[in-house]
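These are the residues of each chain, in order.
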Amino acid sequence: MTVVIDRVWPHTAGRTEGELTLGGVGVRALAAEYGTPAYVLDEKDFRARARAWRDALPGGEVHYGSKAFLCPEIASWLAEDGLSLDVCTGGELAVALAGGMPADRITFHGNNKSVAELRRAVTAGVNAVVLDSFTEIERLAEVARDAGARQRVMIRVTPGVDAHTHEFIATGGERSKFGFSLGLGLAAQAVARVLAEPHLELIGLHSHIGSQLLDLEGFKMAAGKMAAFLVECERRHNVRIPGLDLGGGLGIAYRADDPVPPSPAELTAVLHDAVSWLDTPPVLSVEPGRSIAGPTTVALYEIGTVKEIPGVGVYVSVDGGMSDNPRPAMYGAAYTAVLANRVSDAPERPVNLVGKHCESGDVLGWDMPLPADAQPGDLLAIPASGAYQRSMANNYNHVLRPPVLAVRDGQVKVVVRRETEDDLLRLYPR
Ligand SMILES: Cc1ncc(COP(=O)(O)O)c(C=O)c1O
Ligand SMILES: N[C@@H](CCCC[NH3+])C(=O)O
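Residues numbered from 1 in each chain as written. Chains lettered and ligands numbered in written order. Predicted model: local features only at pLDDT ≥ 70, side-chain atom pairs only at ≥ 80, totals over all residues. Heavy atoms only, no water.

With that out of the way, let us pick up the site of ligand 2. Residues in contact with ligand 2 amount to eight residues; listed here are only the nearest, Arg290, Arg327, Tyr331, Tyr388 and Met392. One of the side-chain nitrogen or oxygen atoms of Arg327 is found 2.6 Å away from an oxygen atom of ligand 2. The side chain of Tyr331 places a nitrogen or oxygen atom 2.7 Å from a nitrogen atom of ligand 2. Alone, ligand 2 offers 310 Å² of accessible surface; in the complex the protein occludes 83% of this. Residues belonging to the shell around ligand 2 are distributed by class as follows: four nonpolar, one polar and three charged. (Near = heavy atom within 4 Å. Polar contact = N/O pair within 3.5 Å; in protein donor to acceptor, adjacent residues only side chain to side chain. Areas by Shrake-Rupley, 256 points an atom, 1.4 Å probe, with all protein chains shown as cover. Nonpolar A, V, L, I, M, F, W, Y, C, P; charged D, E, K, R; others polar.)

Let us look at the pattern of salt bridges. This structure, assessed with the given rule, holds 23 salt bridges. Salt-bridge contacts for Glu138 lead to Arg193; the nearest nitrogen and oxygen are separated by 3.1 Å. Highlighted residues: Glu138 in helix α6 (residues 134-147) and Arg193 in helix α7 (residues 186-195), separated in sequence by 55 residues. We note a salt bridge from Arg342 to Asp378, for which the minimum N-O separation is 2.8 Å. (Salt bridge = Lys/Arg side-chain N within 4 Å of Asp/Glu carboxyl O. Helix = DSSP H or I, 4+ residues; strand = E, 2+ residues; numbered from the N terminus.)

Here, the residues flagged by UniProt with the feature "modified residue: N6-(pyridoxal phosphate)lysine" (unreviewed entry) are Lys67. As for its placement among the helices and strands, Lys67 is situated in the loop between β6 (61-65) and α3 (72-80). Given a relative accessible area of 29%, Lys67 falls into the partly exposed group. Beyond its immediate sequence surroundings of up to four residues, Lys67 is in contact with Asp86, Cys88, Glu92, Tyr388 and Ser391. (UniProt positions renumbered as here; feature names shortened; annotations may be inferred. Buried < 20%, exposed > 50% of the residue type's maximum accessible area, 1.4 Å probe, protein only. Contact = heavy atoms within 4.5 Å.)

Two elements, β6 and strand β14 (residues 283-286), share two bridges in a ladder whose sense is parallel. When the sheet's bridge partners are listed, Glu61 is paired in β14 with Ser285. Note: strand β13 (residues 243-245) against β14, three bridges, orientation parallel. Across the sheet, Gly243 pairs through a bridge with Val283, a residue of β14. (Pairing = 2+ DSSP bridges.)

Written out as structure tokens, the structure reads:
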């Protein structure tokens, strides 16, 4: 077996007689047994990345950002491996609990949690609810009072740091819908309000400046501002605020020539530095999602048609598309695709890789190099497909969402099964 050393592939990726293998399983067998499209998740790779984060923050907490991708199996791996989890809806909370993640290791985010979601969080006994608005402070205080509880909370602060990323995934600027603005004094007001609430216990401050960040400057600035704000609050109110959660956001390489992202240890060193001047530094936590899940998973498709339009170009259509990966359409995200069932000596040519949806914007990549003899029936693999793909999948055109197949040491475990037409039809009362 030749190992695929290119860093955008999961650790166990290799080629056996030309066929791509992941976790010791060949893609032809996967496609034959489970069909395509499918997401193939390298369990060892996922767990190694999760543990690398945990080890990079000794004495702190690593909450996996479950929006990147969550299923009960993932929650159980994280629980076993000593990580915590962040959720931002009742649905994510239910899946995390179903996977055996202890409630007291779950942090509940979101800018519009319903009363029902807050009740569920309080009765389940989550580690903390991250407060995002004045409405929510009142709402949660009432829910906690009714439950006879004192709920641990953090306050989400927008520190006024404009992260270098797509504007749709930047969250740290003053105009963000998330959190309380530091610069406008709203964060300070929120702290005062929470401290005056007997049913809320302030355990920390939180910020998250954005996602797919490839340099550490934004993290450094946010951590510095948050540390200064934390001491200012402690002094003003004569209290101890024990925790500082600096969110997720570390980016990944999607293509072989993308910049190498900083490592978890490089990032946590910057965060430690930012708080080291405090007399009693807070316990730090982080919430990496993409940097754990993203590189671990490969999207597997089958080519259905190849259309050559003279003077225009070539369209290669696969059996999924924007319903299982909306990222190219939403953010202009760029990927690579490789022939997976075999290798080819044919020269490469640029093709437009498109899905099967009734939409011209249903494109997985413009001008992607593929061997000129790639043809219907061939399998294509797209690496770095583990974050914000299956978790953002939808049923546009009543297309069925793909399964997630965890592979390890030659074994396959279906951790999310393929959706069926029965699943779809069950939605419609008859
Ligand atoms: C509050 C919060 N924490 C963590 C994350 C995870 O971010 P990422 O997947 O970029 O690490 C997000 C998403 O950006 C988020 O909104
Ligand atoms: N969905 C975005 C990331 C959103 C981050 C969630 N706060 C992406 O695919 O890049």
